[in-house]
Amino acid sequence: MTSVEIFTDGACRGNPGPGGWGVLMRSAGEEKSLCGGEPETTNNRMELTAVIEGLMALKRPCEVQLTSDSTYVLKGVQEWMPNWKKRGWKTASKQPVKNVDLWQKLDAVIGEHKIDWCWVKGHSGHRENDIADQLANRGIDEL
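Model, not experiment: these values are computed from the prediction. (Residues numbered from 1 in each chain as written. Predicted model: local features only at pLDDT ≥ 70, side-chain atom pairs only at ≥ 80, totals over all residues. Heavy atoms only, no water.)

Draft legend 1. Quick peek at the state of the cysteines. In total, this model carries zero disulfides according to the counting rule given. No disulfide involves Cys12; its sulfur sits 15 Å from the nearest other cysteine sulfur, which is in Cys35. Between Cys118, a free cysteine, and Cys62, which holds the nearest cysteine sulfur, the sulfur-to-sulfur gap is 16 Å. (Disulfide = S-S within 2.5 Å.)

Draft legend 2. Region of interest: the packing of helix 2 (residues 71-86) against helix 3 (residues 100-110). The geometry of helix 2 relative to helix 3 is characterised by a closest axis approach of 11 Å and an angle of 95° between their N-to-C directions. Comparing the axis directions of helix 2 and helix 3 gives the class roughly perpendicular. The residues of helix 3 that touch helix 2, namely those facing Tyr72, Val73, Gly76, Val77, Met81, Trp84 and Lys85, are Trp103, Leu106, Asp107 and Ile110. Of the residues that constitute the contact of helix 2 with helix 3, the class distribution is eight nonpolar, one polar and two charged. (Axes fitted to C-alpha atoms, helices over the stretch in contact; angles between N-to-C directions. Helix = DSSP H or I, 4+ residues; strand = E, 2+ residues; numbered from the N terminus. Parallel < 35°, antiparallel > 145°, perpendicular 65-115°, else oblique. Contact = heavy atoms within 4.5 Å. Nonpolar A, V, L, I, M, F, W, Y, C, P; charged D, E, K, R; others polar.)

Draft legend 3. Looking closely at helix 4 (residues 127-141). Taking 1.5 Å as the rise per residue, helix 4 with 15 residues should run 21 Å; its terminal C-alpha atoms sit 21 Å apart, in good agreement. Check the buried side of helix 4 and you find it contacts strand 1 (2-12), strand 2 (17-27) and strand 3 (30-41). (Expected span 1.5 Å × (residues − 1).)

Draft legend 4. Structural context of the sheet that holds strand 4 (residues 62-68). Read across the open sheet, the five strands follow the order 3-2-1-4-5; overall the sheet is mixed. The sheet is open, and its two edges are formed by strand 3 and strand 5 (114-119), each paired on a single side. This sheet shows a mean twist of 20° between the axes of neighbouring strands, independent of strand direction. In the sheet, strand 2 pairs with strand 3 via 10 bridges, with the strands oriented antiparallel. What sits directly across from Trp21, in strand 3, is Gly36. Relative to strand 1, helix 1 (residues 43-56) is tilted by about 160°, and along the sheet it contacts strand 1, strand 2, strand 3, strand 4 and strand 5. (Pairing = 2+ DSSP bridges.)

In structure tokens form, the structure reads like this:
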């Protein structure tokens, strides 16, 4: 399996408001950048979209080290999603899961890869996270 590092970030100007997502991918010493945006969205949707877009960009199953500064995404994948699925995509309080369309899309793409989920503190001088943040902001600027 090919090893890939993926660094993701989402941004929003206003919440909701115009938003962007950014992805920095690295494999075999090569780096690739991806970004995009939506005119009316939320920060959490952009964080999820960044992860989804990064994973969907992979052409075949990979060993992935995925780094994000979003505790929402990481807790969602590692803690909340298994129970949401058991409850038919409902929360513990029987409410519909917010952003369920993106959570279901993420659930479908993570099954294709072996993923090591990593958290990094945002805006802390972490090179790759800073680049992903710049890409997310470019996604907004290019709307």
